[in-house]
Amino acid sequence: ELKVEQNPLFLSMQEGKNYTIYCNYSTTSDRLYWYRQDPGKSLESLFVLLSNGAVKQEGRLMASLDTKARLSTLHITAAVHDLSATYFCAARYLNFGNEKLTFGTGTRLTIIP
Amino acid sequence: GAVVSQHPSRVICKSGTSVKIECRSLDFQATTMFWYRQFPKQSLMLMATSNEGSKATYEQGVEKDKFLINHASLTLSTLTVTSAHPEDSSFYICSASKRSLSGANVLTFGAGSRLTVL
């Protein structure tokens, strides 16, 4: 059974600071997703990481994947208030030919002005 | 872009009634759709995988007679919560799978449906 853990669960940081959210998964997965969720809203896709060593960047967010360590990171550079949200990672697994995702516990990020 | 419409966004019903939630892929065909459930301040839990033209595959612990899923066309899947009870109150989110140019299947999520059972 694929399990996905994120840490920290809660993160409060000041504007302008850098921080990293970690996502560990328990068994082999070749695809890792990052999503953002605002309160009361659905999920917004941020990144899809397809291979070992993959790195993607969008604005102040950068995601990476190390399949050997079963670890993905989401790095926030010079945080701004608009980045306050809950961030989820999700790892892909195949089940009878169907692609499914197991979501991490989520990291609630609060950026303090 | 891929757009998934979910309706209704909010529904309040009395205990014992049934509620239907629709999930539509507006600009692409989705052979597979997924239904998730999210309790407050928790992660998303996969309930079932919906395949067009066949029976849904339910995750362990999800009652298939309680949560009826129908995927009648390539653009529509429905989730019916039958004989709803207060413990069924939750945020239900659907997603549809579309293959991107890179070959990766990208999930697009609906806006979610917040069900409150009184």
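Scroll up a little and you will see the structure.
Because the structure is predicted, anything quoted here is derived from the model rather than measured.

Trainee: Can you explain the interface of chain B and chain A? Please cite residues and give values.
Mentor: The interface of chain B with chain A comprises 24 residues on the first partner and 20 residues on the second. When chain B packs against chain A, close to 1600 Å² is buried across both sides, 52% of that on carbon and sulfur atoms. Run the count over chain B and chain A and you get one salt bridge. Linking Lys100(A) and Glu59(B) is a salt bridge whose minimum nitrogen-to-oxygen distance equals 2.6 Å. The interface formed by chain B and chain A includes four residue pairs in polar contact (both at pLDDT 80 or more).

Trainee: Tell me what's going on with the nonpolar core, and back it up with residues and numbers.
Mentor: Core analysis: the largest hydrophobic core is formed by 25 residues, its most contacted members being Leu32(A), Trp34(A), Leu74(A) and Tyr87(A). Taken together, the elements giving at least two residues each to this core come down to strand 2 (10-14), strand 3 (19-25), strand 4 (32-37), strand 5 (43-49), strand 7 (61-66), strand 8 (71-76), strand 9 (85-95) and strand 11 (107-112) of chain A. With four residues, the single largest contributor to this core is strand 9 of chain A. Counting 23 residues, the second-largest nonpolar core is a separate cluster that includes Val4(B), Ile21(B), Tyr92(B) and Ala96(B).

Trainee: An account of the pairing of strand 3 (residues 19-25) of chain B is needed here, citing residue identities and associated values.
Mentor: Residues and elements named next belong to chain B. In strand 3, alternate side chains face the same way, and those of Val 19, Ile 21, Cys 23 and Ser 25 are buried while those of Lys 20, Glu 22 and Arg 24 on the opposite face are not. As paired strands, strand 1 (residues 4-7) and strand 3 are joined by four bridges and run antiparallel to one another. Among the inter-strand pairings, His 7 is bridged to a residue of strand 3, identified as Glu 22.

Trainee: Before we move on, could you go through unusual backbone geometry and cite the residues and values that matter?
Mentor: Among all residues save glycine, negative phi is the norm, and among peptide bonds the norm is trans. With omega at 0 degrees, the peptide bond leading from Asn7(A) into Pro8(A) counts as cis. For the peptide bond that leads from His7(B) to Pro8(B), omega is 0 degrees, which places it in the cis range. Non-glycine residue Ala78(A) carries a positive phi angle of around 45 degrees. Here Ala78(A) lies in the loop between strand 8 and strand 9. One non-glycine residue, Ser83(B), lies in the positive phi region at around 45 degrees.

Trainee: Go over the pattern of salt bridges with me, naming the residues and quoting the values.
Mentor: Residue and element names in this part refer to chain A. The final tally for this structure, using the stated rule, is four salt bridges over all chains. Close ionic contact of Asp 38 with Arg 36 constitutes a salt bridge, the shortest N to O distance being 3.0 Å. By relative accessible area, Asp 38 is classed as partly exposed at 26%. Arg 36 gets classed as buried once you look at its relative accessible area, which sits at 14%.

Trainee: Tell me about the environment of Thr32(B), and name the residues and values.
Mentor: Residue and element names in this part refer to chain B. Note that Thr 32 resides in strand 4 (residues 32-38). Remark: the alpha-carbon pair of Thr 32 and Ala 96, spanning 64 residues in sequence, is separated by 6.2 Å. For Thr 32, the side chain forms a polar contact with the side chain of Asn 51, separated by 3.1 Å.

Criteria and thresholds
Residues numbered from 1 in each chain as written. Chains lettered and ligands numbered in written order. Predicted model: local features only at pLDDT ≥ 70, side-chain atom pairs only at ≥ 80, totals over all residues. Heavy atoms only, no water. Contact = heavy atoms within 4.5 Å. Buried area = accessible area lost by both parts, 1.4 Å probe. Salt bridge = Lys/Arg side-chain N within 4 Å of Asp/Glu carboxyl O. Polar contact = N/O pair within 3.5 Å; in protein donor to acceptor, adjacent residues only side chain to side chain. Core = buried A, V, L, I, M, F, W, Y, C linked by side-chain atoms within 4.5 Å. Buried < 20%, exposed > 50% of the residue type's maximum accessible area, 1.4 Å probe, protein only. Helix = DSSP H or I, 4+ residues; strand = E, 2+ residues; numbered from the N terminus. Pairing = 2+ DSSP bridges.

Structural measurements only, silent on function.
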